[in-house]
Each structure stands twice: as C-alpha cells, then as structure tokens.
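Okay, here's what each chain looks like letter by letter:
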Amino acid sequence: MVSSSSPSQSPTRDREACSRNDDFDPNRYVESSGLRIALASGLKIVACFVVMAITTAIWTGVMLLLLPWPYERIKQGNLYGHITGRILLWILGNPIKITGAEHANAKAIYICNHASPLDIFLVMWLTPLGTVGIAKKEIIWYPLFGQLYVLANHLRIDRSNPNAAIRSINEVRINRFGDDSVTIRRNLFSQVAKSVTKKDLSLIIFPEGTRSASGRLLPFKKGVVHIALQTKRPIVPIVITGTHRAWHKDSLKIRPAPLTVKFLPPIETQEWLPEKADSYLEMLRCLYVDNLPECQRPLN
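Below is a summary of the structure that appears in this document. Throughout this description, residue numbers start from 1 for each chain and increase along the sequence as written. Where totals are concerned, whole chains, interfaces and linings use all residues; where local detail is concerned, this predicted model gives features only for residues with pLDDT of at least 70, and gives and counts side-chain atom pairs only at 80 or more. As a rule here, side-chain values cover all heavy atoms of the structure and leave hydrogens and water aside.

### Concerning unusual backbone geometry
Going by this rule: The way it works is that DSSP assigns letters per residue, a run of H or I at least four long becomes a helix, a run of E at least two long becomes a strand, and they are numbered from the N terminus. A 1.4 Å probe rolled over the protein chains alone gives each residue an accessible area, and that area as a share of the maximum for its type sets the label: buried under 20%, exposed over 50%, partly exposed in between.
In this structure, asparagine 153 takes a positive phi of about 70 degrees despite not being glycine. Considering the arrangement of structural elements, one finds asparagine 153 in the loop between helix H5 (145-151) and strand S4 (155-157). Judged by its relative accessible area of 5%, asparagine 153 falls in the buried class. Of note, aspartate 200 is a non-glycine position whose phi angle comes to about 55 degrees, a positive value. Within the secondary structure, aspartate 200 is located in the loop between helix H6 (181-198) and strand S6 (202-205). Judged by relative accessible area, which is 41%, aspartate 200 ranks as partly exposed.

Here it is in structure tokens:
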C-alpha cells in the first residue's frame, strides 16, 4: 500500500505519511509470477481505467468551463493529477517511501528519471500546483489522459519536425529559422522558458527524453540545461527507483515491488553560464548515478 492514509488526503499529508514508513525495505522484494499475479494485475488495471474515466470526465467538464482562463486550467490539471495519481497508486498497492518532500513545493524545474508508466502517476501526484509538463504532440491521442493534458494547457512538442512549433501556454509557434536545427531547438527551449517565466510556473521534465526499457539510466538531453539557463529556476532532481520492476515496459502485469521517491535539494542555476552547459548536464546525470541502486545505473 502507499501508506496507511486514505486516498482523499492532500498530497502534502500523503508525502509526509509515506515518508514515515520506517519499515520500508526495497531489497525485500522478490520477483514473482503466476496466475494469481496475472489476475490481480488485470483487475487493478481495469480499476485504474475506470477511475481515470470517471475523474477525467469530471475534470473535462471543469476545463471546458475554464477555457477563457488558461492558468486556472493548469492548476486544475495539477489538482486532477494529485487526486487521480494518488488513487491509482493506492489501487495498485505498491509500498512507497518518499524522502525530501520538503523540496517539492518550490517554483522550480523538476527532473525525473523514467523507466515505467508508474513514474507518470508519481509525478502527477507529487509535483506542486502550477507545474506544467512537456510531452510529444502525439499525447493527444492517448485515451483519456491525452485529451485532458491538452485541455490543461501543458506543453506539446513535435519531435519529428525540428522546424515545428511548441504548443505552449499561449499557443506560441516557433517559425522557421533557416536550416540550422540546433538554432531551431534553442529557440524552442527559449519559448518554453518564456512561457514558464511569464506565468510563474514550475516545469516537470524527463531529461532522458524517453522511457528506459531496462530501468537503467539513459543519457540526458540538453534541453533541461538550456531551459534552466534561461529561466534561472532552481532544478529539483526526483530520483525514482523500483518502478521498472513494478511495471515493465510493454507489459500489462503489475508487480508488488516497493517504490522509492527521493527529492534531492534544489540546485541553484542563477550563476550558470551557457559555455558550461555540458558540464552542468554531466553533473545532473552524476547525481542520478550516485543516488540510483546498482540495477538502475548505466552500464557504461
């Protein structure tokens, strides 16, 4: 279970309750399989889908009423994530331990490693109000979640076309700047930074850019550093472990593996310099290597 607290508690109280789970030991988990696990997984997934259908229907109505107020839709999207993510994790029943929750309320760029769909549920639940995400434009076709993501006014990027726009808080589009895709990508990051700064928002990014099939940390993309350089927002790393065991990529079987979420102290970026971007990126990745268990560290 996600602690002894009920799903209706606030995210802050939930985080505190999870953090008090002193008996938590992720090393106790032993991989298991069988018909009972498969049946339990199927029931949990159906229950999660039903819950998402209900909460999405409710918040879709709320978002439509708030169409003239983009910032209010962002906050409502976060509230939807807090409630829905918390309930889904309660249904799945994986033990969760959270540390460093005191760092989870600042206006910041939150970054997180990504190895399972469960990571999405966790960041939905744990990131503060006024946080927007960045996703590929195809997210609109994801059942239930994708349509609400768009209504919640979060950011979408066309990764297949470097000349395409980012659909942002103000529906800003990036025009073609010649054939230099590096320049275009930097202008894209600039638009993200301007939107985040203008609306006084936080940002959640998966710096690996994709989900790890093995659970091991992948190379980081430079986007997070470019955005930090322009927003001067602090970076709060979120280190998640165990989700790759609980829900494997391309699998519908949910396993009762324990999960840990660690918020590291904010990294100030006020004094960062563009010419040191590669060093900052390496520093961020090394933080994850140092805080992940051996089974999730990169092989090289």
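### A few points about the packing of aromatic side chains
Pairs of aromatic rings are described using the distance from one ring centre to the other and the angle between the two planes. The criterion, for reference: Any two rings among Phe, Tyr and Trp, with Trp reduced to its six-membered ring, count as a pair given centres within 6.5 Å; such a pair is stacked if its planes are under 30 degrees apart, edge-to-face if over 60, and tilted if neither. We call a charge positioned over a ring when the NZ of a Lys or the CZ of an Arg lies within 6 Å of the ring centre and within 35 degrees of the ring normal.
The final tally for this structure, using the stated rule, is 5 aromatic pairs. Residues phenylalanine 220 and tyrosine 288 carry aromatic rings whose centres are separated by 5.6 Å and whose planes lie at 75 degrees to one another, so their mutual orientation is edge-to-face. Within this pair, whereas phenylalanine 220 is found in the loop between S6 and helix H7 (223-231), its partner tyrosine 288 is found in helix H9 (residues 277-291), the two being separated by 68 residues in sequence. For the pair phenylalanine 220 and tyrosine 288, one class covers both residues: buried. Residue placement shows arginine 86 over the ring face of tryptophan 125; its charged tip is 5.3 Å from the ring centre.

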